[in-house]
Amino acid sequence: MITKNGKGVFGGIAFGKIHIFSDHIDVKKYFTSDTAKEKERFERACNKAFDETISLMEKTKEDVGKKEAEIFEIHSMMIRDEEYVSAVESRIEGGINAEAAVKETGDEFAEKFLSLEDSYMKQRAADVIDISERIIKALMGKSLNAKDLKEKTIVVAHDLTPSQTVQLREGNISGFITEGGSGNSHTAILARTMNLPAVIGVKGIMDEAYEGIDAAIDGSSGTIYIAPNNTTMKRLEDKKIKSDGEKELLQKYKGVKTVTKSGKEIMLYANISNMADLDMVLANDAEGIGLFRTEFIFMESRTFPSEEEQFEIYKRAAEKMGGRRVIIRTLDIGADKKVDYFDIPEEENPAMGFRAIRICLERTNIFKVQLKAILRASAFGKVAIMFPMICTLEELRKAKSILNEVKLELDFAGIKYDRNIEVGIMVETPAAAIISDILAQECDFFSIGTNDLTQYTLAVDRQNSKVNSQFDTHHESILRLIRITAENAKKEGIWTGICGELGADESLTEKFIKWGVDELSVSPVYVLSLRKKITELYV
Ligand code: PEP
Ligand code: MG
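Parameters at a glance
- Residues numbered from 1 in each chain as written.
- Chains lettered and ligands numbered in written order.
- Predicted model: local features only at pLDDT ≥ 70, side-chain atom pairs only at ≥ 80, totals over all residues.
- Heavy atoms only, no water.
- Near = heavy atom within 4 Å.
- Polar contact = N/O pair within 3.5 Å; in protein donor to acceptor, adjacent residues only side chain to side chain.
- Areas by Shrake-Rupley, 256 points an atom, 1.4 Å probe, with all protein chains shown as cover.
- Helix = DSSP H or I, 4+ residues; strand = E, 2+ residues; numbered from the N terminus.
- Salt bridge = Lys/Arg side-chain N within 4 Å of Asp/Glu carboxyl O.
- Buried < 20%, exposed > 50% of the residue type's maximum accessible area, 1.4 Å probe, protein only.
- Donors = N, O, S within 2.8 Å, 3.2 Å for Na, K, Ca; no water.
- Pairing = 2+ DSSP bridges.
- Axes fitted to C-alpha atoms, helices over the stretch in contact; angles between N-to-C directions.
- Contact = heavy atoms within 4.5 Å.
- Right-handed = clockwise from strand over helix to strand, strands pointing away.
- Parallel < 35°, antiparallel > 145°, perpendicular 65-115°, else oblique.
- Nonpolar A, V, L, I, M, F, W, Y, C, P; charged D, E, K, R; others polar.
- Domains from an automatic or database assignment.
- Buried area = accessible area lost by both parts, 1.4 Å probe.

**Comments concerning the site of ligand 1**
Next, step 1: Taken together, 16 residues form the shell around ligand 1, and within it Arg293, Arg329, Gly449, Asn451 and Arg462 come nearest.
Next, step 2: Note that an oxygen atom of ligand 1 is positioned 3.0 Å from one of the side-chain N or O atoms of histidine 186.
Next, step 3: One of the side-chain N or O atoms of aspartate 452 is found 3.0 Å from an oxygen atom in ligand 1.
Next, step 4: Here ligand 1, which alone exposes 280 Å², has 100% of that area covered by the protein.
Next, step 5: Elements with a contribution of two residues or more to the shell around ligand 1: helix 7 (186–193), strand 10 (289–293) and helix 17 (450–458).
Next, step 6: Top element by residues in the shell around ligand 1 is helix 17. It accounts for three residues.

Shown next as structure tokens:
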């Protein structure tokens, strides 16, 4: 048994076989006389790549639209294209390995497409590279098609992007381990929302020798056990039974009002990033959605989701929550949450660059489509709108004025929406907290984003594992900014919530309530434990 340590970002015990995931492809060319074996490997990889493409096509058709799914149909035909297949096979017959044969063929075909006059044919160059990479990944065992995993799997990666993490949602994944990463990243937040034990910062875990080996994760201590012995397995299984038992005990807090012993009622909400999280929200009896991270809808799509597609999603969320508040945060793209089709130029410092409301106020067509979809959904439940990354009063005014334009357009078209829809802002920059007295006069609520607030106040990149220990959410400056914000909100008669990860920190719950925080929005898995805590407090 080998034991390794890292930082647990979500507690719980997970068991499974290790699958090392790396999307870096470094194709090595070598000579081999076993042509039959290489051809067979190529055929199997083509079948796998073909199946993946078909399932991507079906998912895109269902989630985005028929037109957007067409590209995958073209890809599936290219994988089966006779000319392409025989070009790869003749290279294999020439005595080289399948990976190199596919790479050389892909490059040759791409070059041919690029030399053509027709712009449609030129575009096929990217497609032939794309399908060749998919086949190479299948050959190298590097495709992460979570749905195909037959056994419980622990995914091991150097780091995962939020969009790769989202792919894990649909598979047989019991937990994940990364060599890099940071506890405050969106990847860690997603692990909590998806209820997956996760450990980050585990040095040396990417060793290929661990592939397929049984392992266990203890997310609460941040320990990894590779090929655990019987004693360790027994101890971990007992620990899992105990923690499942504790979770079971919390079930009695379902349906209970979130009121302190002194009679102060707190709105206890949950954060979601996609519709799949809604079931967890309902199962854990959250009283509303305090933060719907809508950028994940964009990240899971191959192109801009249309007004209709967004409307359907927001409407379903509003209806499923049955009259409970659903706070929809407008697009917070940028920094680690990248979407290629937005074509945002590379930046030296993306967290401080062109992101969130800054993008929306400049690319108002995208913003307006989203606002229209949210407003239309507001006719089907209790929806609220929240703007991210506000730093100035001008930004808030501009965002509200665009919202008013959209309302007028809906009025003109005779489309219904909630005329009293609440409009709030995220307080996640020190600037917003410091001028919260001014901002409070022009919005209906505040929701404090302690993740970004900590990053910007302490000048500590939330993504950078090197400065993880400096990411001190309890720093006096952060606590003061939260207090100032809540007090300023009270003075103007609006409510304040916390939707950053600190909202679930039970060591601060009493203080938050004392300072006047009215709402806490946390990962669904923390709702019942936080309700227990609040109902035991005398504040
Ligand atoms: C935050 O910054 O605290 C927040 C809730 O938003 P996100 O984590 O999505 O940036
Ligand atoms: Mg934020």
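This is not the end of the story, as more comes after the structure.
**Re the pattern of salt bridges**
Next, step 1: Inspection of every chain in the model, using the stated rule, returns 44 salt bridges.
Next, step 2: Across the pair glutamate 108 and arginine 91 runs a salt bridge whose closest N-O atoms are separated by 3.4 Å. In this pair, glutamate 108 is assigned in helix 4 (residues 98–114) and arginine 91 in helix 3 (residues 82–93), connecting sequence segments 17 residues apart.
Next, step 3: Judged by its relative accessible area of 32%, glutamate 108 is partly exposed.
Next, step 4: You can call arginine 91 partly exposed: its relative accessible area is 23%.

**What about the coordination of the magnesium ion (ligand 2)?**
Next, step 1: Protein coordination at the magnesium ion (ligand 2): the donors are Glu428 (OE) and Asp452 (OD), at 2.0 to 2.1 Å from the metal. On the criterion of sequence distance, the pair formed by glutamate 428 in the loop between strand 13 (422–427) and helix 15 (430–434) and aspartate 452 in helix 17 is long-range, its members being 24 residues apart.
Next, step 2: On the basis of relative accessible area, glutamate 428 is assigned to the buried category, the value being 1%.

**Brief notes about the sheet that holds strand 5 (residues 173–178)**
Next, step 1: What the eight strands build is an open sheet, ordered 1-8-7-3-4-5-6-2; its pairing is mixed. Unpaired on one side and paired on the other, strand 1 (2–5) and strand 2 (7–10) mark the two borders of the sheet. When the angles between neighbouring strand axes are averaged without regard to direction, this sheet yields 30°.
Next, step 2: One ladder, built from three bridges, connects strand 2 with strand 6 (residues 198–200); its direction is antiparallel. When the sheet's bridge partners are listed, glycine 8 is paired in strand 6 with valine 199.
Next, step 3: Docked against the sheet, helix 7 engages strand 2, strand 5 and strand 6, running at close to 55° with respect to strand 2.
Next, step 4: Seen against the sheet, helix 8 (residues 230–250) touches strand 3 (13–21), strand 7 (214–218) and strand 8 (223–226) and runs at an angle of roughly 120° to strand 3.

**Topic: the pairing of strand 10**
Next, step 1: Within strand 10, five of the five residues are buried, which leaves the element mostly enclosed by the surrounding structure.
Next, step 2: By the bridge criterion, three bridges tie strand 9 (residues 267–272) to strand 10 in an arrangement that is parallel. Across the sheet, residue isoleucine 272 finds its bridge partner in strand 10, namely phenylalanine 292.
Next, step 3: In terms of handedness, the path from strand 9 via helix 9 (residues 278–283) over to strand 10 forms a crossover that is right-handed.

**Focus on the packing of helix 4 against helix 5 (residues 119–140)**
Next, step 1: Interaxial distance between helix 4 and helix 5 falls to 7 Å at its minimum, and their mutual angle equals 175°. Considered as vectors, helix 4 and helix 5 are oriented roughly antiparallel to each other. Packed against helix 4, whose contacting residues are Ala98, Glu99, Val102, Lys103, Gly106, Asp107, Phe109, Ala110, Phe113 and Leu114, the element helix 5 presents Met121, Lys122, Arg124, Ala125, Val128, Ile129, Ser132, Ile135, Ile136, Leu139 and Met140 at the interface.
Next, step 2: Here the contact of helix 4 with helix 5 is built from residues that sort into 14 nonpolar, two polar and five charged.

**Some thoughts on the domain arrangement of the protein**
Next, step 1: Each domain of the protein was delimited in the assignment, giving domain 1 (2–23 + 144–249), domain 2 (35–140) and domain 3 (252–535).
Next, step 2: Taking only C-alpha atoms, the centre of domain 1 and the centre of domain 3 are 28 Å apart.
Next, step 3: At the interface, 20 residues of domain 1 touch 25 residues of domain 3.
Next, step 4: Counting the surface domain 1 buries against domain 3, the share from its top three residues, Asn184, His186 and Thr193, is 32%.
Next, step 5: Across the contact surface, domain 1 and domain 3 share one salt bridge.
Next, step 6: Between glutamate 501 and arginine 192 there is a salt bridge, with its nearest N and O atoms 2.4 Å apart.
Next, step 7: Applying the counting criterion to the domain 1 and domain 3 interface returns seven residue pairs in polar contact (both at pLDDT 80 or more).
Next, step 8: Here the side of domain 1 that touches domain 3 is composed, by residue class, of seven nonpolar, nine polar and four charged.

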